[in-house]
Amino acid sequence: MAEEAAKELDRFKNLAASWHSAVVHSHITVLTAARALRARPLLARCLQLATVLLVAWMLLGDNLKATWGPIDDHGIMGILGDNERLSLATLATELRWHPEVGDPSFVSKRYRPAYFTLRYLETFVWGDSVKLWYGARLILFAASLWMFWQVLCPWLGAIGSAAAVLWLLTCRFWPDIWCRLGPAETYAVFGTALCLRGAASLRQALRTGRDLPRLGVGAVVLGASIAVGSKENMLILVPACWLLAGWCCWARRPSPTLLAGTGLVTLWGLWIAWVVMAGIRQDAFDIYRESVDSASGARALGLLAVQLTTKSRLLPVVLALAALPVVYLVARRSERFRGLRPQARTYSILMAALVALFVSQFLFYRGKMPGNTRYDFPGVLALPLLWISLGCLVLCFLRVWRRAWFRAARLTMLGVLVSLTCSTGFRHFQQAATANREITAAFSSQVREVVENTRRSPGVPVVLFSRGADDYELICAWQQYLHRYRVDNPLYLFLESASPATNLGALDCCLFQRLSSLSKQGDRGFRPLGQLDRRRPFLAVCLGGARGPQDGGPSGVDWSDQFRQTVPALYRSRSWLVSDFPVGKEQP
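The rules behind the values
Residues numbered from 1 in each chain as written. Predicted model: local features only at pLDDT ≥ 70, side-chain atom pairs only at ≥ 80, totals over all residues. Heavy atoms only, no water. Buried < 20%, exposed > 50% of the residue type's maximum accessible area, 1.4 Å probe, protein only. Helix = DSSP H or I, 4+ residues; strand = E, 2+ residues; numbered from the N terminus. Pairing = 2+ DSSP bridges. Core = buried A, V, L, I, M, F, W, Y, C linked by side-chain atoms within 4.5 Å. Contact = heavy atoms within 4.5 Å. Axes fitted to C-alpha atoms, helices over the stretch in contact; angles between N-to-C directions. Parallel < 35°, antiparallel > 145°, perpendicular 65-115°, else oblique. Left-handed = near helix turned anticlockwise from the far one by under 90°. Nonpolar A, V, L, I, M, F, W, Y, C, P; charged D, E, K, R; others polar. Phe/Tyr/Trp six-rings, centres within 6.5 Å; stacked < 30°, edge-to-face > 60°. Lys NZ or Arg CZ within 6 Å of the ring centre and 35° of its normal. 1 Å grid on protein atoms, 1.4 Å probe; cavity = no way out; pocket = protein on both sides within 12 Å on 5 of 7 lines; lining within 4 Å. Points joined across faces, edges and corners; volume = space filled by probe spheres on them. Patch = residues over 30% accessible without salt bridge, like charges linked within 9 Å, V, L, I, M, F, W, Y side chains within 5 Å. Areas by Shrake-Rupley, 256 points an atom, 1.4 Å probe, with all protein chains shown as cover. Salt bridge = Lys/Arg side-chain N within 4 Å of Asp/Glu carboxyl O. Lys, Arg positive; Asp, Glu negative; His and termini not counted. Charge placed at Lys NZ, Arg CZ, Asp CG, Glu CD.

A. Up close: the pairing of strand E1 (residues 462–466). Most of E1 sits out of view: five of its five residues are buried. Side-chain alternation along E1 places Val 462, Leu 464 and Ser 466 on one buried face and Val 463 and Phe 465 on a second face that is also buried. Taken together, the five bridges between E1 and strand E2 (residues 491–495) define a ladder with parallel strand orientation. The residue bridging Phe 465 from the neighbouring strand is Phe 494, located in E2.

Right under this line is the structure:
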């Protein structure tokens, strides 16, 4: 027995020695590669840019084969009108009188001046070339990845930060931002990345004692302005700019340029908030028909408290809140860790800011997150970033305590990030890009077929059959595309239900009322349904699950056999808003 125990002990020692040797050799290999790249910064920069472009093409490459789709894209058609290009004079006039840019109504509950300015500028540059539109999205995505990578490099190194960025890309909400042309979050992501990249350059200047770079200050101001002006929930960047300016002043490195830029961002954010609040004060509801009174805020706080105690995905928030006082006390009272006080202070501020970010977004959306949609940005990112921050904080303490443990822990953290990324993968990106290509191709083909039939049958009415609010944006898309392709045939809208369903939310009921008014009274190119002669042929386009006249007709309407036989064509148009895209319902 003693000999067997001795053999097992020797075997265990050999395994431990082999593991330690593998860790040491891996660490040496990583350090050698990092030092080689550090000695050649231009080569390192080129490799980074090539890497992010390759990743962007692998994830979003199918988007380059997409065509115009049924969601949001019709807004570009509306901007172009009957022209292939937007003239400079028209661009200036449109921006001057647009209700979300130069002519706010103070009644609408939305105000996104940066989003519409950039969207009109893109329309001016790209025109009706859908490949250029999606190519620009791919470049913006790659640029955002590169800037996020650069921001994390000082904390995790080049390889660790690359693994962290790839892990962040496994979040389910990204495809809803980058696999369509309409989301305002596209500009918000780029603006946020630009702002963080500028802040990282300012931090590096403070650490090295150099003057604050004006390019970094400009990146902070421009990025924050783009993000804040693209989506109202990005107003969280305004206090972040205050914190950055205060940090520079506390470090006795005040910059008049940074202070002036922070003032501009503050005025920009206050103007946007004032215009939005002026519209909300009309009836105490936001654009999504959600109540904004104190009771709804209290319910959201209660929901947050419940999720903090029951949802494992909110565990990093709890750990960060518990770690902050511990970090402060250890760094303040321990002589051994005295040198870590600046880092402990920085990590404490960072984790507190991430917790505040998640709570603010949770309250902004009234507890309806995470939902795996574009509305999760940037709130859901706070959760994985908190895990990364906690890991970096542990590495800082291990560096002082046990050097060997620090090396092993750093490689372990890298392995965990890689394994988490591989376990989740990027199928959600590739599937969304493929679905976008197929859906837009099917929709464009159907639109072309309807347009060709109207060319062969001039004057024959086109009737859109719809079940209700789920088809709202699809109805707007059909109207806009038919106008874009100069279809002069009379256009009608038929709702198969006279009243909204009892289980619809407030937003759906509002959209149904708009559609009902559009059907009965006519507007936006639609004629009143009462003017339709049911004894004459027409082109029927059935949206979603609408039955149409050839399936027996809507209830309560007498479609005669002769009428059914005179219908030239019946088209099935799926309700892509709810079945294929993980998008929220938003008023166009």
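B. Seen up close, the nonpolar core. Core analysis: the biggest nonpolar cluster contains 95 residues, and Phe 141, Trp 174, Phe 358 and Phe 377 have the highest contact counts within it. The element contributing the most residues to this core is helix H6 (residues 130–168), with 17 residues. Setting aside residues up to four positions removed in sequence, Trp 174 forms contacts with Leu 168, Leu 169, Val 189, Phe 377, Leu 381 and Phe 429. If you look at the next biggest cluster of nonpolar residues, it comprises 49 residues, including Val 101, Trp 133, Ala 469 and Leu 539.

C. Seen up close, the packing of helix H4 (residues 88–97) against helix H5 (residues 113–126). Viewed as axis vectors pointing N to C, H4 and H5 meet at an angle of 165°, and their least axial separation amounts to 11 Å. Classified by the angle their axes make, H4 and H5 are roughly antiparallel. For the pair H4 and H5, the sense of crossing is right-handed. Residue-level inspection shows Leu 88, Leu 91, Glu 94 and Leu 95 of H4 in contact with H5, the latter providing Phe 116, Thr 117, Tyr 120, Leu 121 and Phe 124. Across the contact of H4 with H5, the residue classes tally to seven nonpolar, one polar and one charged.

D. Just the packing of aromatic side chains, in detail. Counted under the stated rule, the structure contains 18 aromatic pairs. One aromatic cluster is present, built from ring pairs that chain together Phe 106, Tyr 111, Trp 271 and Trp 274. The ring of Trp 97 has Arg 96 sitting right over it, with the charged end atom 4.1 Å from the ring centre. Across the ring face of Trp 155, the terminal group of Arg 203 is positioned such that the distance to the ring centre comes to 4.4 Å.

E. Here's a closer look at empty space enclosed by the protein. Scanning all chains against the criterion turns up two cavities of 30 Å³ or more. One number sums up the size of the second largest cavity: a volume of about 50 Å³. Together, 11 residues line the second largest cavity, and Ile 71, Asp 73, Arg 180, Asn 436 and Thr 440 are the ones closest to its centre. In terms of residue class, the lining of the second largest cavity is made up of six nonpolar, three polar and two charged.

F. Highlighting a nonpolar patch on the surface. Taken together, Leu 315, Val 318, Leu 319 and Trp 387 make up a surface patch of nonpolar side chains, about 310 Å² in accessible area. If you tally residues by element for the nonpolar patch, the top one is helix H13 (residues 315–333), at three residues. In this fold, Trp 387 is placed in helix H15 (residues 382–401).

G. Representation of unusual backbone geometry within the structure. That bond from Phe 377 to Pro 378 is cis: its omega, 0°, falls within 30 degrees of zero. Within the secondary structure, Pro 378 is located in the loop between helix H14 (341–364) and H15. Positive phi outside glycine occurs at Arg 524, with the angle close to 55°. Checked against the element boundaries, Arg 524 lands in the loop between helix H19 (506–521) and strand E3 (539–543).

H. Molecular detail of a positive patch on the surface. A grouping of Arg 399, Arg 403, Arg 407 and Arg 410 is seen on the molecular surface, where their side chains present a positively charged patch. Of the residues forming the positive patch, the biggest block, three residues, is contributed by helix H16 (residues 403–424). One can find Arg 410 in helix H16.

I. Expanded view of the side chain of Thr 170. Checked against the element boundaries, Thr 170 lands in the loop between H6 and helix H7 (174–178). Among all residues touching Thr 170, those that are not within four sequence positions of it are Thr 421, Thr 424, Gly 425, Phe 426 and His 428.

J. The arrangement of the environment of Leu 319 in detail. With respect to the helices and strands, the residue Leu 319 is situated in helix H13. The spatial distance from the C-alpha of Leu 319 to the C-alpha of Trp 387 is 8.9 Å, given a sequence separation of 68 residues. Setting aside chain neighbours within four positions, we find Leu 319 in contact with Trp 387 and Leu 390.

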